[in-house]
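Now for the letters of each chain:
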Amino acid sequence: MEKINCPLFEKKTVLKNYINVKDYSNTQEEFTIVSCETTNFLFTNPRPKEKDISKYYDFEDYISHSNKKNDFISKLYQVVRSFSIKRKYKLISKLIGDKKILDVGSGTGEFLSYMRRKGYDTYGVEIAKKARELSIKNHGLFVKDSLSSLDETNFDIITMWHVLEHVYDLDGYMKRIKSLLNDKGVLIVAVPNHKCFDQKFYGKYWAGWDVPLHLWHFDKESMLKLSKKYGFKISSIHPLYFDSFYLSLLSSKYKHNSSKLVQSFLIGLYSNLIAKFKTGEYSSLIYVLKKSI
């Protein structure tokens, strides 16, 4: 395990324990999420060393890497993903006309495969060997195992769908991403939002914490500070509506050892409604970033 300082503040600062959360999906180990007194940024601390993190991903239920379809939650994930891919395409097609796209954390390749069918020049990065091999085998995609092994540059679009919260070297990653994006390009980042209602309802059981796989726990304030630090501005913010239902379903499973379908649906629905009409704090948010001029 290793302790770190807040990545949004250059100097050492005071860190306060925010919440203790278990790795409910796999090892049942408990981890602490801390809050930086200077920036209010939440992050998992201490965290496993990068060389040790793979064991926490090593379980059958990690759907985005296995593409499993043999239980209710997995089947629901597949349906939601199919809908979400089409919505992501509509968002991107309205933002920029150019079509050279890099998907960081491309998983099993469904999103990039869809974008290629829509005429995009597609590239992917996926560190998980099994998922990367599935994307190449099933879709014939061009996918590398890391950003450092990617020779292509000058991308019009770079997407990171629920990836940034997993990245160890946040500083190095953001600098590398910026160097790969052309000056008129867009960076699209989707991350969970711990200010949402379903987090307040489920507390330590909220599936969006997902420790220790999630190293960073974002909200609008921390994403704004991160963007400014690396020379980006937030152009727009968009909700991921279905995440509240999916996270509520998983959270209910963690809390009750079974998925309470009706309750999960109602909590997910209420979370979206209160976000839409009052707070704007959806369970997950898509940030569209552009380079600052």
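Check the entry above for the structure.
Residues numbered from 1 in each chain as written. Predicted model: local features only at pLDDT ≥ 70, side-chain atom pairs only at ≥ 80, totals over all residues. Heavy atoms only, no water.

Let's shift gears to the sheet that holds strand S3 (residues 42-44). Read across the open sheet, the 4 strands follow the order S1-S2-S3-S9; overall the sheet is antiparallel. The outermost strands of the open sheet, each flanked by one partner alone, are strand S1 (15-22) and strand S9 (216-217). Note: strand S2 (residues 30-36) against S3, 3 bridges, orientation antiparallel. Bridge assignment links Ser35 to a residue of S3, and that residue is Leu42. (Pairing = 2+ DSSP bridges. Helix = DSSP H or I, 4+ residues; strand = E, 2+ residues; numbered from the N terminus.)

Across the sheet, 7 strands lie side by side as S6-S5-S4-S7-S8-S11-S10; this open sheet has mixed pairing. The sheet terminates laterally at strand S6 (143-144) and strand S10 (232-239), the two strands that pair on one side only. Pairing geometry for strand S7 (residues 155-161) and strand S8 (residues 181-192), over 6 bridges, is parallel. What sits directly across from Trp161, in S8, is Ala190. Running over the sheet, helix H6 (residues 170-180) touches strand S4 (100-104), S7, S8, S10 and strand S11 (284-291) and is turned about 140 degrees from S8. (Contact = heavy atoms within 4.5 Å. Axes fitted to C-alpha atoms, helices over the stretch in contact; angles between N-to-C directions.)

The residue Ser283 is located in the loop between helix H10 (261-279) and S11 in this model. In this structure, the C-alpha to C-alpha distance between Ser283 and Ala207, residues 76 residues apart in sequence, is 10 Å. A polar atom in the side chain of Ser283 sits 2.5 Å from the side chain of Asp198. (Polar contact = N/O pair within 3.5 Å; in protein donor to acceptor, adjacent residues only side chain to side chain.)

Let us now look at the packing of aromatic side chains. The tally for this structure, following the rule as stated, stands at 21 aromatic pairs. Between Phe41 and Phe43, the aromatic rings sit 6.0 Å apart at their centres with planes inclined by 40 degrees, giving tilted as the arrangement. Taken individually, Phe41 and Phe43 each receive the classification buried, so the pair is uniform in this respect. One aromatic cluster is present, formed by Phe41, Phe43, Trp216 and Phe218 through successive ring pairs. When the ring centre of Phe111 is taken as reference, the NZ or CZ atom of Lys88 above it lies at 5.9 Å. (Phe/Tyr/Trp six-rings, centres within 6.5 Å; stacked < 30°, edge-to-face > 60°. Buried < 20%, exposed > 50% of the residue type's maximum accessible area, 1.4 Å probe, protein only. Lys NZ or Arg CZ within 6 Å of the ring centre and 35° of its normal.)

The next point concerns the environment of Pro48. Of note, Pro48 is situated in the loop between S3 and helix H1 (54-57). As for Pro48 and Asp210, which are separated by 162 residues in sequence, their C-alpha atoms are 14 Å apart. Excluding residues that lie within four positions of it along the chain, Pro48 makes contacts with Met1, Glu2, Phe31, Ile53, Tyr56, Tyr168 and Pro212.

With that out of the way, let us pick up unusual backbone geometry. The omega torsion of the bond from Asn45 to Pro46 falls at 5 degrees, within 30 degrees of zero and hence cis. By the secondary structure assignment, Pro46 is in the loop between S3 and H1. Of note, the bond from Val211 into Pro212 is cis; its omega dihedral lies within 30 degrees of zero at -5 degrees. Along the polypeptide, Pro212 turns up in the loop between helix H7 (197-202) and S9. Unlike most non-glycine residues, Asp210 shows phi in positive territory, near 45 degrees. Locating Asp210 in the fold gives a position in the loop between H7 and S9. With a phi close to 65 degrees, Asn257 is a non-glycine residue in the positive phi region. For Asn257, the position within the fold is in the loop between helix H9 (243-256) and H10.

Moving on to H6. For H6, every residue scored as buried is listed here: Leu170, Tyr173, Met174, Ile177 and Leu180. One face of H6 carries all of its buried residues, which in axial projection span an arc of 125 degrees. (Arc of directions from axis to C-beta.)

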